[in-house]
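# Survey of secondary and tertiary structure
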Amino acid sequence: MSRGDVAYENFLKGYNCTQAVTVAFSDIFGLDEEKLARISGGFGGGVGRMREVCGTFLGVVMVLSEVYGYSDPKDIESKKALYEKIRSAAEEFRKDNKSIICRELLGLEKPEASAEPEARTPEYYKKRPCPMLCKYAAELAEKMIEEQNSL
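The paragraphs below set out a description of the structure included in this document.

Criteria and cut-off values
- Residues numbered from 1 in each chain as written.
- Predicted model: local features only at pLDDT ≥ 70, side-chain atom pairs only at ≥ 80, totals over all residues.
- Heavy atoms only, no water.
- Phe/Tyr/Trp six-rings, centres within 6.5 Å; stacked < 30°, edge-to-face > 60°.
- Helix = DSSP H or I, 4+ residues; strand = E, 2+ residues; numbered from the N terminus.
- Buried < 20%, exposed > 50% of the residue type's maximum accessible area, 1.4 Å probe, protein only.
- Axes fitted to C-alpha atoms, helices over the stretch in contact; angles between N-to-C directions.
- Parallel < 35°, antiparallel > 145°, perpendicular 65-115°, else oblique.
- Left-handed = near helix turned anticlockwise from the far one by under 90°.
- Contact = heavy atoms within 4.5 Å.
- Expected span 1.5 Å × (residues − 1).

For the coordinates displayed, the defined rule picks out five aromatic pairs. Relative to Y125, the ring of F11 has its centre 6.2 Å away and its plane inclined at 85 degrees; by these criteria the two rings are edge-to-face. With F11 in helix α1 (residues 3–13) and Y125 in helix α8 (residues 122–127), the pair connects residues that are 114 residues apart, well separated along the chain. An angle of 80 degrees between the planes, with centres 5.3 Å apart, marks the rings of F93 and Y136 as edge-to-face.

Put into structure tokens, the structure is as follows:
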């Protein structure tokens, strides 16, 4: 099963969008799924269900940060290189999905008033692009990693 398929299935299991993507890469993080789900949990729903930056894209950011990140705060070149990768991912995500903003992807006019997650019913899945965005995001992250490794 591809990482995209795993991310799609993770969302259907009940993980939020960011968790679905990051947990598909738990081997890269060197963390078990439970720990990674906890770390990424607050980013779902466009950060705490505020419908800001799409949680699937934030999953891409987390994966690329793990693979290409830096830890030395004085390493300006590594910071710049990571930011360039993130910006490139955002450009591709926007090109293919029209936005990286959760509420725009969901067709909402304003942020959610409530932090309460919606029940995961068949109707919920019919009106949400989220499972497919999870798949797309995981495939994007994987592609960017593979492209870099093939250079």
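In this fold, G44 is placed in the loop between α4 (33–40) and α5 (55–68). Residue classification places G44 among the buried residues on the basis of a relative accessible area of 9%. Between the alpha carbons of G44 and K80 there is a distance of 26 Å; along the sequence they are 36 residues apart.

Bringing the packing of α5 against helix α9 (residues 130–149) into the picture now. The geometry of α5 relative to α9 is characterised by a closest axis approach of 9 Å and an angle of 20 degrees between their N-to-C directions. Between α5 and α9, the crossing angle belongs to the class labelled roughly parallel. In terms of crossing hand, the pair formed by α5 and α9 is right-handed. Contact residues: T56, V60, V63, L64, V67 and Y68 in α5; C130, L133, C134, A137, A141, M144, I145 and Q148 in α9.

Along its 20 residues, α9 runs 28 Å from first to last C-alpha, staying within 8% of the 28 Å computed at 1.5 Å per residue. Along α9, the residues that are buried comprise C130, P131, L133, C134, K135, Y136, A137, A138, L140, A141, M144 and I145.

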